[in-house]
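If you want the building blocks of each chain, they are given just below.
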Amino acid sequence: MKAPAYPKREELSTLPGGTAQFALKLSFKKLLQGLVLPLLVIVLWEIFSSLGWLNLYLIPPPSQIGDRLWVITQNGELLKHLGASLYRVACGFSLALCMALPLGFLLGLTPGVRDFLSPILSFFQQIPGIAWIPMFILWLGIDEASKIAIIVYSAFFPILLNTLHGIASTDPKLKEVAYTYGLSRWGLITRVYLPSSAPSVYVGMRLGLSFSWRSLVAAELLGASKGIGYLIQEGREMAQPDLMLAGVLLIGLTGLCLDFVFRHLEKRFLPWQENVETHEVPTWQIS
């Protein structure tokens, strides 16, 4: 039997709305596939809880967690804590981006500077951000500065390393063409290195955002008066596991939404990338 011939990407683009409809159906199919396992886990979790097979104090059922989320949404607690965490992430991630991108291009384009800074950067790269939390609290206090500093530190290295990887993986043929046409140093950066390294930079930004979100919650667990981490800590102190699991669920859902926004921004601003999701996270090191 002859295999069915599916329309190619080029053929779809010639049809009115063909590409858009195909992309919409594909996205909807992926969404359904991604929801199957979580929904199955939730249903089984609720069934096992109702049958008494689970300790309802240690593992509250999804319905109880949902009720808790509804309560803190109604009384404004959810918006207050989520807003505080997102504000810290926005400030810290923006600062890390402003520091890591220029430094990444500087190290990638100037081997002498890279050789000089590689040992110290490689040293600090091995230290997780959570290890600095007590010292940052000691140096900067328990207010916002210490939490933002943790976020900056955690997001800095993924962005820096992926920027370096993008510059290092630039096609030499593109550079030869640029030299042939007499592009200046600035023109080489903006028209060759920047477009070529953009996919790796975007991967680094996604990783940096994920790292900053995790480190923020850890910082809020140790010392904060509001935020998602504080909400989980409050649930622990008040012996309310449903509140703790509601905070954990909120962390995962918020991080998932942020990553979803970044993936769609990448598809919009990097249209030459046909399949963004096939990119591997590079394990490239500074040295």
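The rules behind the values
- Residues numbered from 1 in each chain as written.
- Predicted model: local features only at pLDDT ≥ 70, side-chain atom pairs only at ≥ 80, totals over all residues.
- Heavy atoms only, no water.
- Helix = DSSP H or I, 4+ residues; strand = E, 2+ residues; numbered from the N terminus.
- Buried < 20%, exposed > 50% of the residue type's maximum accessible area, 1.4 Å probe, protein only.
- Salt bridge = Lys/Arg side-chain N within 4 Å of Asp/Glu carboxyl O.
- Polar contact = N/O pair within 3.5 Å; in protein donor to acceptor, adjacent residues only side chain to side chain.
- Contact = heavy atoms within 4.5 Å.
- Axes fitted to C-alpha atoms, helices over the stretch in contact; angles between N-to-C directions.
- Parallel < 35°, antiparallel > 145°, perpendicular 65-115°, else oblique.
- Left-handed = near helix turned anticlockwise from the far one by under 90°.
- Nonpolar A, V, L, I, M, F, W, Y, C, P; charged D, E, K, R; others polar.
- Core = buried A, V, L, I, M, F, W, Y, C linked by side-chain atoms within 4.5 Å.
- Phe/Tyr/Trp six-rings, centres within 6.5 Å; stacked < 30°, edge-to-face > 60°.
- pLDDT = per-residue confidence, 0-100.
- Patch = residues over 30% accessible without salt bridge, like charges linked within 9 Å, V, L, I, M, F, W, Y side chains within 5 Å.
- Areas by Shrake-Rupley, 256 points an atom, 1.4 Å probe, with all protein chains shown as cover.

1. What about the overall build of the protein?
At step 1: If you tally the helices and strands in the protein, you get 11 helices and zero strands.
At step 2: Each helix and strand of the protein, ordered N terminal to C terminal, gives the series α-α-α-α-α-α-α-α-α-α-α.
At step 3: For the protein, with 287 residues in total, the buried portion stands at 36%.

2. Quick notes on the pattern of salt bridges
At step 1: Overall, the coordinates contain six salt bridges when judged by the stated rule.
At step 2: We note a salt bridge from glutamate 220 to arginine 88, for which the minimum N-O separation is 2.5 Å. With glutamate 220 in helix 9 (residues 185-222) and arginine 88 in helix 4 (residues 77-109), the pair connects residues that are 132 residues apart, well separated along the chain.
At step 3: On the basis of relative accessibility, which here comes to 1%, the residue glutamate 220 falls in the buried class.
At step 4: Its relative accessible area of 1% is what places arginine 88 among the buried residues.
At step 5: Look at the salt bridges and you will find they share partners, linking Arg88, Glu144 and Glu220 into a network.

3. Here we look at the side chain of threonine 254
At step 1: Relative to the elements of secondary structure, threonine 254 occurs in helix 11 (residues 241-269).
At step 2: On the basis of relative accessibility, which here comes to 11%, the residue threonine 254 falls in the buried class.
At step 3: Of the polar contacts made by the side chain of threonine 254, one reaches the backbone oxygen of leucine 250; its length is 2.7 Å.
At step 4: Contact partners of threonine 254, with chain neighbours within four places excluded, come to Leu82, Leu86 and Trp213.

4. Notes on the side chain of serine 197
At step 1: Turning to its location among the elements, serine 197 is positioned in helix 9.
At step 2: Residue classification places serine 197 among the buried residues on the basis of a relative accessible area of 0%.
At step 3: When near neighbours in sequence (up to four residues on either side) are disregarded, serine 197 contacts Phe105, Gly166 and Ile167.

5. Quick notes on the packing of helix 10 (residues 228-237) against helix 11
At step 1: For the pair helix 10 and helix 11, the least separation of the axes is 7 Å and the interaxial angle reads 160°. Regarding the angle of helix 10 to helix 11, the classification is roughly antiparallel. Read as a crossing pair, helix 10 and helix 11 show a hand that is left-handed. Taking contact as the criterion, the partners of Ile228, Leu231, Ile232, Glu234, Gly235 and Arg236 in helix 10 are, on helix 11, Leu243, Met244, Gly247, Val248, Leu250 and Ile251.
At step 2: Looking at the contact of helix 10 with helix 11 residue by residue, the classes come out as eight nonpolar, two polar and two charged.

6. Structural notes on the nonpolar core
At step 1: Phe93 and Leu160 are the most contacted members of the largest nonpolar core, which totals 46 residues.
At step 2: In terms of residue count, helix 7 (residues 144-168) provides more of this core than any other element does, 12 residues in total.

7. Some thoughts on the packing of aromatic side chains
At step 1: This model, assessed by the stated rule, comprises 11 aromatic pairs.
At step 2: Both rings, one in phenylalanine 136 and one in tryptophan 139, keep their centres 6.0 Å apart while their planes meet at 55°; by these two values the pair is tilted. Taken together, the residues span about one helical turn, with phenylalanine 136 and tryptophan 139 both in helix 6 (residues 133-140) at a distance of three residues.
At step 3: With a relative accessible area of 12%, phenylalanine 136 lands in the buried category.
At step 4: A relative accessible area of 52% places tryptophan 139 in the exposed class.

8. Brief notes about the confidence of the model for the protein
At step 1: Overall, the prediction assigns the protein a mean pLDDT of 83, with 85% of residues at 70 or greater.
At step 2: Low confidence marks residues 1-16, where pLDDT is under 50. Its contacts with residues over four positions away, or in another chain, come to six contacts.
At step 3: In the predicted structure, residues 275-287 sits below a pLDDT of 50 and forms 28 contacts with residues beyond four places in sequence or in another chain.

9. Section: a nonpolar patch on the surface
At step 1: A cluster of nonpolar side chains, namely Leu37, Leu40, Val41, Val43, Leu44, Ile47, Phe48, Leu51 and Trp53, defines an oily patch on the protein surface of about 850 Å² accessible area.
At step 2: Mapped onto the secondary structure, phenylalanine 48 falls in helix 2 (residues 18-50).

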